[in-house]
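# Close look at the chain arrangement
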Amino acid sequence: MKTGKKTKAVVKNNKYPIVIGHSIDSAFVSFIRVNKIPVKKIIFLTDDNVFRCCLKPILNSSSTLSKAQVLTIKSGEKHKSINTVNRLWHSLLKLKADRNTVLVNIGGGVVTDLGGFVAATYKRGIRFINIPTTLLSMVDASVGGKVGIDFGGAKNQIGLVSDPIAVFIGSDFLRTLSDREIRSGFAEMIKHALLSSKSLFSTTQKISLKDVAKNNLFIELIKKSVEYKNKIAQKDPLEKGIRKFLNYGHTIGHAVEALLMNKGKRQLLHGEAIAIGLICETYLSFKILGFPKIQVDAMKKDILLKYTKVRFSKPDIEGIVRLTLFDKKNVDGRINFTLLKEIGSPTFDNFITSKMIRESIEYYLAD
Ligand code: GLY
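Residues numbered from 1 in each chain as written. Predicted model: local features only at pLDDT ≥ 70, side-chain atom pairs only at ≥ 80, totals over all residues. Heavy atoms only, no water.

## Focus: the site of the ligand
Taken together, the neighbourhood of the ligand is formed by Asp-140, Lys-146, Lys-229, Arg-243 and Leu-246. Here an oxygen atom of the ligand sits 2.7 Å away from a polar atom, N or O, in the side chain of Lys-229. Protein burial of the ligand: of its 200 Å² of free accessible surface, 86% is covered by the chains. Residues belonging to the shell around the ligand are distributed by class as follows: one nonpolar, no polar and four charged. (Near = heavy atom within 4 Å. Polar contact = N/O pair within 3.5 Å; in protein donor to acceptor, adjacent residues only side chain to side chain. Areas by Shrake-Rupley, 256 points an atom, 1.4 Å probe, with all protein chains shown as cover. Nonpolar A, V, L, I, M, F, W, Y, C, P; charged D, E, K, R; others polar.)

What follows is the structure in C-alpha cells.
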C-alpha cells in the first residue's frame, strides 16, 4: 500500500504501513486518497463507547469521512462472539460490501480482533485497517495479524492470521483512557522492553505514566514497542518459533486472570495480570537460566510501584498453579514457558514444574 505525504510509515515494515502520531485523522484521509479508496467503499466498525469518544468527532470534523458507513457493536469481551460476527456478516451483505470494501476497525482489542476476523472471512477476505484507541491495542492487538473471537468459554479460540493494510496509532486517543487502562497497556510495553534490550527496559523503568498523551518520550516508547512486536510477528506470523517470545509473562498472567474471573473477585485488567506474570516469570528465568537476581528484585520493586500487589491465599496459589496446566502452549502435560537468559535474550520451550511455579508466586508475594 502506498503512503501519502502525511501518511509517513514510522515503523519500518515491508508488508503494511504503521503510522504513529498525536492525531491520525489527516494521515488516514491522505492514505485513502493516495490509495484511491472511495469513501463509499469505507465501512467503520466500532463499539458504542468508542463511537461517542473517538469516531464521532472524527466524522464530524471531516467532510470526506462524514459520508462513510458505520457499524457498531456493544462494548465488552462478551461481545467478541460468533453471534456478533454473524450479525456483522449480515450487515456487510445488506450494505452490499464487496471485494473493494475496506473495513476500518476503530477501538480496543475486541474491535480490532473481531473486525479483522469479520473482514478476513467475508467473501474470502476483504481489506481492513486498524485504528487502535486503547494502549493495549496500540502496542499489541492491532499489529501482527492475529484476528479472531472467543468460543466455548475461552478467549481467542477461533481465528486466523491476516494482516491489515495499514495501522494508524494516535496518542490523542490515550486521553480517553483511565489510569488503569494506561497501566494495563503499559505492562505489554514492559514485556516488549524486557524481550528487546537493556536500554529500552531502562527507559521504560524511568517513564512516568502521567499525561502520557502529550509525553513525546512515551510516544517514542510506543513506537519502539510496536517496532519490536511487528519485527517478531513479521518473522514468525504463525508462531512456530520466535513469536512464542511474546508469551512472556502470559502463562502465569493468564492463570491469574482466569482465577480471579472464575472466583468472581474484583477482576484485574489484562495487563494488570500480566504485570504479576512478568515478575513471576522473571523469577523463573533466574531459577532456570541464571537471569541476574539483582535485576529480578529491581524489576519487581519497579513494577510494584506502578501496580498494587494482589494478595493471594494458599488456595489461590494452588488455583493459579492448576490453571497454568491448561495453557495452550503446554506439551504432553508439561508447562511451557518463555524465559529470559538476560534482558534482551529470550528463549522459548522451557518446561517448568508446578513446585517452581508455586515458588515464583511466593516470591511475588514476599515483602
Ligand atoms: N499477543 C501476542 C501475539 O500477538 O503473538
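## Some points on helix α3 (residues 82-94)
The terminal C-alpha atoms of α3, which comprises 13 residues, lie 18 Å apart, in line with the 18 Å expected from a rise of 1.5 Å per residue. Check the buried side of α3 and you find it contacts β2 (42-47), β3 (69-73), β4 (102-107), α4 (109-121) and β6 (146-151). (Helix = DSSP H or I, 4+ residues; strand = E, 2+ residues; numbered from the N terminus. Expected span 1.5 Å × (residues − 1). Contact = heavy atoms within 4.5 Å.)

## Considerations on unusual backbone geometry
Positioned with a positive phi, Lys-36 is a non-glycine residue whose angle comes to about 55°. Mapped onto the secondary structure, Lys-36 falls in the loop between α1 (25-34) and β2. Here Glu-239, not a glycine, exhibits a phi torsion of approximately 55°, which is positive. Mapped onto the fold, Glu-239 is located in the loop between α8 (216-235) and α9 (250-263).

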